[in-house]
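Here are the chains, one letter per residue:
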Amino acid sequence: MTLYRSFSSVQADINSGSVTCRQLVEQYLARISEYRHLNVFTEVYDVDALQQADIIDKKIGAGTAGRLAGMVIGIKDVLSYARHGVRAGSHMLGEFTAQFTATAVQRLLDEDVIIIGRQNCDEFAMGSSNENSAFGPVLNAADTNRVPGGSSGGSAVAVQAGLCLASIGSDTGGSVRQPAAFCGVVGLKPTYGRISRWGLIAYASSFDCIGPIANTVDDAALLLEIMAGADEFDSTVSSQPVSAYTQATLPDRPLRIAYLRDGVDSTGVDQSIREATLAKIDSLRQAGHTVDPVDISLLKYLLPTYYILTTAEASSNLSRFDGVRYGYRSVSTSASPLDLLSLYKKSRTEGFGAEVRKRILLGTFVLSASYYDAYYTKAQQVRRLIRQETEQLFEHYDFLLSPTTPTPAFLLGEKTGQRPDDDPLQMYLADIFTVQANVVGYPSISIPNGTDTSLGDGQGLPIGLQLMAPPFAEGALVAMAKKLAYDL
């Protein structure tokens, strides 16, 4: 089969008549079967996808097809798709079937995208390695002994391994960008409120963003352009006009780019990543742009602030999963009859995995009367200070550049904290460079930046480069990402 790496190449072959949508779907289904060991899909919509392909082939012949005709995608298992299962990587949702389609997904369907399946993820999007799924871990196609990143690990590997052309994930603290970096693909997190969250199973409502994962910046920009915009079902979505991101250009002047000093000077950053980041900085300077090192004075407070606030919001959001209305319910036996309180406790204990239970407990703790002011209120104050410092930074610079992650993909089980000498907090440090964009609500993108050839199964491990821009500057962000990815 032809392994397509861009939508433009798919369109060219469709327009020339050398491939049909049905043939595309059949090729992807064959490849999904071949790479089943990566554990990417929790459900494959083989019949649905082929039926949709036939419908779109007729539309193409009649000249009435939408902008995404011929694009085959997967969706993360936290997005609702009517009459299809949605599990959020958890036993808690059991055999639950979505009653409606998420706004972002519907907008893609309206443009004739083909959804080929539901993709594995960390349970309720809580994790940085895709090892927390009730359906088992996803494996990195570059080295199956290593994690793909999380929580959108299945979505990233699907694109990496050519199991679909693009994926739709969610990003709460880097869950689109971090796995994109680990898998050598493009991951885009838009401004908070740029894409409606209607139909996205909530983890932390003031942080969650839906975002595309693709092989090219152009494809990610196109998907964003179609998904973005106002939505009557989501009061937090922005009503600002949606730009033609695929046509965006940069100002005709030298740019001012800040780079995070800790991203290249810190001993916690892998040497290969430091070298790759510095090489890109040198290329920008040689192209005539101003590139300055900057320090984020509150950098060490980013992760504590993020985890205090997200666990608090998770505690509230996940309280609806109680074993009564839908989802998993613990079974009462004659030896262990259940009253209502016992039903709640047993259903939630058995239905949720260890990482989700831990975050619910942490969130409940920081929201408790005795600790609310000491933790939750203080974290909200620090979040405001981080936003103010970020705003001041962008008064002087067009972009903020950093590595996406401090290391390449790590080994399966390396940071789960299961061994006596393990430090479970090391897993959280994988998000050190990505959480700022979610804390402040700014757009950010990860693009491939070479490989670490000293690791991996011979082909090396991907390295990611991250760019952040001011709110609703996605056009400039993708234009700069294209320059970094292709021109320098």
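Quick summary incoming for the structure in this document. Treat the numbers as computed from the prediction; the structure is a model and nothing was measured. (Residues numbered from 1 in each chain as written. Predicted model: local features only at pLDDT ≥ 70, side-chain atom pairs only at ≥ 80, totals over all residues. Heavy atoms only, no water.)

### Details of the side chain of Asp-231
Applicable threshold: Numbering of helices and strands runs from the N terminus; a helix is a DSSP stretch of H or I covering at least four residues, while a strand is a stretch of E covering at least two. Burial classification: accessible surface area is computed with a 1.4 Å probe over protein chains only, and a residue below 20% of its type maximum counts as buried, one above 50% as exposed, and the rest as partly exposed. Working convention for charge: Lys and Arg count positive, Asp and Glu count negative, and His plus the chain ends are omitted. For salt bridges, the criterion is a side-chain nitrogen of Lys or Arg within 4 Å of an Asp or Glu carboxyl oxygen. Each polar contact in these results corresponds to two N or O atoms within 3.5 Å; when the atoms are within protein, one needs to be able to donate a hydrogen and the other to accept it, and residues that are neighboring in sequence are counted only if both atoms are side-chain atoms.
Residue placement: Asp-231 occurs in the loop between α7 (217-227) and β7 (256-260). Arg-107 is the oppositely charged side chain nearest to the buried, salt-bridge-free Asp-231, at an N-O distance of 4.7 Å. Only 2.7 Å separates the side chain of Asp-231 from the side chain of Thr-103, close enough to count as a polar contact. At 2.6 Å, the side chain of Asp-231 forms a polar contact with the side chain of Ser-196.

### Structural notes on the packing of helix α12 (residues 354-367) against helix α13 (residues 372-393)
Note the cut-off: Lines fitted to C-alpha atoms define the axes, with helix axes restricted to the stretch in contact, and inter-axis angles between N-to-C directions lie between 0 and 180 degrees. These descriptions rest on fixed angle ranges, namely under 35 degrees for roughly parallel, over 145 for roughly antiparallel, 65 to 115 for roughly perpendicular, and the rest for oblique. Here, residues are in contact when the closest pair of their heavy atoms is within 4.5 Å. Amino acids outside the nonpolar list (Ala, Val, Leu, Ile, Met, Phe, Trp, Tyr, Cys, Pro) and the charged list (Asp, Glu, Lys, Arg) are all regarded as polar, and Gly is one of them.
In the contact formed by α12 and α13, the axes pass within 7 Å of each other and the chain directions differ by 105°. Compared by their axis directions, α12 and α13 come out roughly perpendicular. Between α12 and α13, the residues in contact are Phe-365, Val-366 and Leu-367 and Tyr-372, Tyr-375 and Tyr-376, respectively. For the contact of α12 with α13, the class distribution of residues is 6 nonpolar, no polar and no charged.

### Thoughts on the pattern of salt bridges
Taken as a whole, this structure holds 17 salt bridges when the rule is applied. For Arg-325, the salt bridge is made with Asp-322, and the minimal N-O distance between the two is 2.7 Å. Ionic pairing is found between Lys-358 and Glu-355, a salt bridge with its closest N-O pair at 3.2 Å. On the criterion of helical spacing, the pair formed by Lys-358 and Glu-355 is a turn pair, its members being 3 residues apart in helix α12.

### Let's talk about α13
Heads up, the rule is: The span one expects for a helix is its residue count, reduced by one, times 1.5 Å. Bend, in this description, refers to the angle at a residue between axes fitted to the seven residues ending there and the seven starting there.
Given a rise of 1.5 Å per residue, 22 residues ought to cover 32 Å, and the 31 Å separating the end C-alpha atoms of α13 matches this to within 8%. At Lys-378, α13 shows its largest bend, some 25°. Listed in full, the buried residues belonging to α13 are Tyr-376, Ala-379, Val-382, Arg-383, Ile-386, Glu-389, Thr-390 and Leu-393. Residues of α13 that are buried sit in contact with β7, β8 (290-294), α10 (299-317), α12, β9 (399-403) and α15 (435-440).

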